[in-house]
Amino acid sequence: RSPARLVGRAPTRYALPMARPASIAPPTFARLLAQVERMLRESGDHTRARDFDAAAWLAAWLRTPAPALGGRTPGECLRTPDGAALVSRLLDAQQ
């Protein structure tokens with residue numbers, strides 16, 4: 001589910017020990033989180049977007065295998081610049 005599509009739902013909280021997966025560099029996670037937050041702002045429902053836990057959603061999304069990535073997780077693809085660009089485009093496509 002995309003973050004924009006989830007805005008109309010109750011806030012989702014994932015049972016994660018921390019939001020950012022340890023294997024993902026903080027600057028990379030911050031850049032992707034800013035992208036998700038931008039998508040939420042563009043969804044138009046600012047009240048619900050404010051209550052949505054974007055960091056938890058992103059952390060879970062990064063750990064979820066994606067058919068568009070040949071069954072790999074987006075987090076696995078972040079190891080190279082080309083993979084990071086692909087993940088960013090895939091994230092944009094979620095909107």
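Residues numbered from 1 in each chain as written. Predicted model: local features only at pLDDT ≥ 70, side-chain atom pairs only at ≥ 80, totals over all residues. Heavy atoms only, no water.

**Student:** In this structure, what is going on with the overall build of the chain? I would like to understand it.
**Tutor:** Per the secondary structure count, the chain includes six helices and zero strands. Starting at the N terminus and walking to the C terminus, you meet the elements of the chain as α-α-α-α-α-α. Burial analysis of the chain (95 residues in total) assigns 41% to the buried set. Nonlocal contacts in the chain, meaning residues at least 24 apart in sequence, comprise 68% of its contacts between residues at least 6 apart. In the structure as shown, the chain presents an accessible area of about 5500 Å², 53% of it carried by carbon and sulfur atoms. (Helix = DSSP H or I, 4+ residues; strand = E, 2+ residues; numbered from the N terminus. Buried < 20%, exposed > 50% of the residue type's maximum accessible area, 1.4 Å probe, protein only. Contact = heavy atoms within 4.5 Å. Areas by Shrake-Rupley, 256 points an atom, 1.4 Å probe, with all protein chains shown as cover.)

**Student:** For this particular structure, what's the right way to read the pattern of salt bridges?
**Tutor:** Side-chain pairs of opposite charge can arise whenever the charged atoms involved come near each other. A complete count under the given rule lists two salt bridges for this structure. A salt bridge links E42 to R38; the nearest nitrogen and oxygen atoms lie 3.2 Å apart. With a gap of four residues between them, E42 and R38 both fall in helix α2 (residues 26-42), about one helical turn apart. We note a salt bridge from D92 to R38, for which the minimum N-O separation is 2.7 Å. Here D92, found in helix α6 (residues 81-93), pairs with R38, found in helix α2; they are 54 residues apart in sequence, far enough to count as distant. On the basis of relative accessible area, D92 is assigned to the partly exposed category, the value being 34%. When salt bridges that share partners are traced, they join R38, E42 and D92 into one network. (Salt bridge = Lys/Arg side-chain N within 4 Å of Asp/Glu carboxyl O.)

**Student:** Which parts of the structure should I look at to understand α6?
**Tutor:** A turn of α-helix holds 3.6 residues, and therefore any two residues three or four places apart point the same way. End to end, α6 covers 19 Å across 13 residues, agreeing with the expected 18 Å (1.5 Å per residue, within 8%). As for α6, its buried residues are in contact with α2, α4 (54-62) and α5 (74-77). (Expected span 1.5 Å × (residues − 1).)

**Student:** Sorry if this is basic, but what is going on with the environment of Q95 here?
**Tutor:** Positionally, Q95 belongs in the segment after α6. Sequence separation between Q95 and E42 is 53 residues; the distance between their C-alpha atoms is 9.2 Å.

**Student:** Sorry if this is basic, but what is going on with α2 here?
**Tutor:** The end-to-end C-alpha separation of α2 is 24 Å, in line with the 24 Å expected for 17 residues at 1.5 Å each. If you check which residues of α2 are buried, you get T28, F29, L32, L33, Q35, V36, M39 and L40. Buried positions in α2, seen along its axis, are confined to an arc of 155 degrees and lie on one side of it. In α2, the exposed positions angled more than 90 degrees off the buried face are occupied by P27 and R41. Positive backbone phi, at 95 degrees, marks G44, one or two positions downstream of α2. (Arc of directions from axis to C-beta.)

Note that every value here comes from positions in space, so none of it alone points to a role or purpose.
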